Structures are given as C-alpha cells and as structure tokens.
Amino acid sequence: MNPMVEFCISNLANGSQETYEILERDPNIDVLEYGCLSYCTKCAESFYAIVNGELVEADSPEALTKAIYQFIEENPLW
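Basis of the calculations
- Residues numbered from 1 in each chain as written.
- Predicted model: local features only at pLDDT ≥ 70, side-chain atom pairs only at ≥ 80, totals over all residues.
- Heavy atoms only, no water.
- Patch = residues over 30% accessible without salt bridge, like charges linked within 9 Å, V, L, I, M, F, W, Y side chains within 5 Å.
- Areas by Shrake-Rupley, 256 points an atom, 1.4 Å probe, with all protein chains shown as cover.
- Salt bridge = Lys/Arg side-chain N within 4 Å of Asp/Glu carboxyl O.
- Helix = DSSP H or I, 4+ residues; strand = E, 2+ residues; numbered from the N terminus.
- Buried < 20%, exposed > 50% of the residue type's maximum accessible area, 1.4 Å probe, protein only.
- Core = buried A, V, L, I, M, F, W, Y, C linked by side-chain atoms within 4.5 Å.
- Contact = heavy atoms within 4.5 Å.
- Pairing = 2+ DSSP bridges.
- Right-handed = clockwise from strand over helix to strand, strands pointing away.

The protein appears in an unreviewed UniProt entry as UPF0349 protein YuzB from Lysinibacillus piscis.

Below, the structure written as structure tokens:
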C-alpha cells in the first residue's frame, strides 16, 4: 500500500502544483486532488497537503515536497 497525498485544487493554483507534479511521478506515492479539503485558512496562508490523513504544511513548494517525503519516512504505513 502506497502513502496517499491529497491536494486542494485551490492550493495547487496558489503554488503547490510543483510539489504535486514531483510526487505524481513517484510510483511509490498515490496522489489525489480535490476541489476542497476544508482547510481554507491553511490554504490561504501556506502550502499544504494531507498525507495519510495528516496535515503537512510548509512555506514554499520546495519545502512542502521535502516535508512530505520526511513525513512519509518518519510515519511508515506498516
């Protein structure tokens, strides 16, 4: 079972698209996008994704990519 990373389409439009594209190319991660994840305040203030049900956020797309990989490494599914 692969880790699941979920993105809000509004946050993608705000700049996290770069992270989405990197993760989408990783065959060991399942990436999904939704119209809204109901984190509107976070969405307006930072870059974020939901990783295996947990909020991961950062100040830049590059930092978000690193934070997601770090979260996955520190929180394995098995």
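Anyway, onward from the coordinates.
Taken together, the side chains of M1, L77 and W78 define a hydrophobic patch exposed on the protein surface, amounting to about 500 Å² of accessible area. As for its placement among the helices and strands, L77 is situated in the segment after α3 (61–74). We classify L77 as partly exposed; its relative accessible area is 37%.

Next up on the list: the nonpolar core. With 16 residues, the main nonpolar core has V5, F7, L23, V51, L64 and I68 as its most contacted residues. Here this core takes four residues from α3, the largest share from any one element. Apart from residues lying up to four places away in sequence, L64 is in contact with F7, S16, T19, F47, Y48, A49, V56, E57 and A58. Of all hydrophobic cores here, the second largest spans five residues; its members include C8, L37, Y48 and I50.

Moving on: the pairing of strand β1 (residues 4–8). Most of β1 is tucked away, with four of its five residues classed as buried. Two strands pair when backbone bridges link them, and β1 and strand β2 (residues 30–34) are joined in this way by five bridges, in the parallel orientation. Bridge pairing links E6 to L32 in β2. Remark: the β1/helix α1 (residues 9–24)/β2 crossover connection has right-handed handedness.

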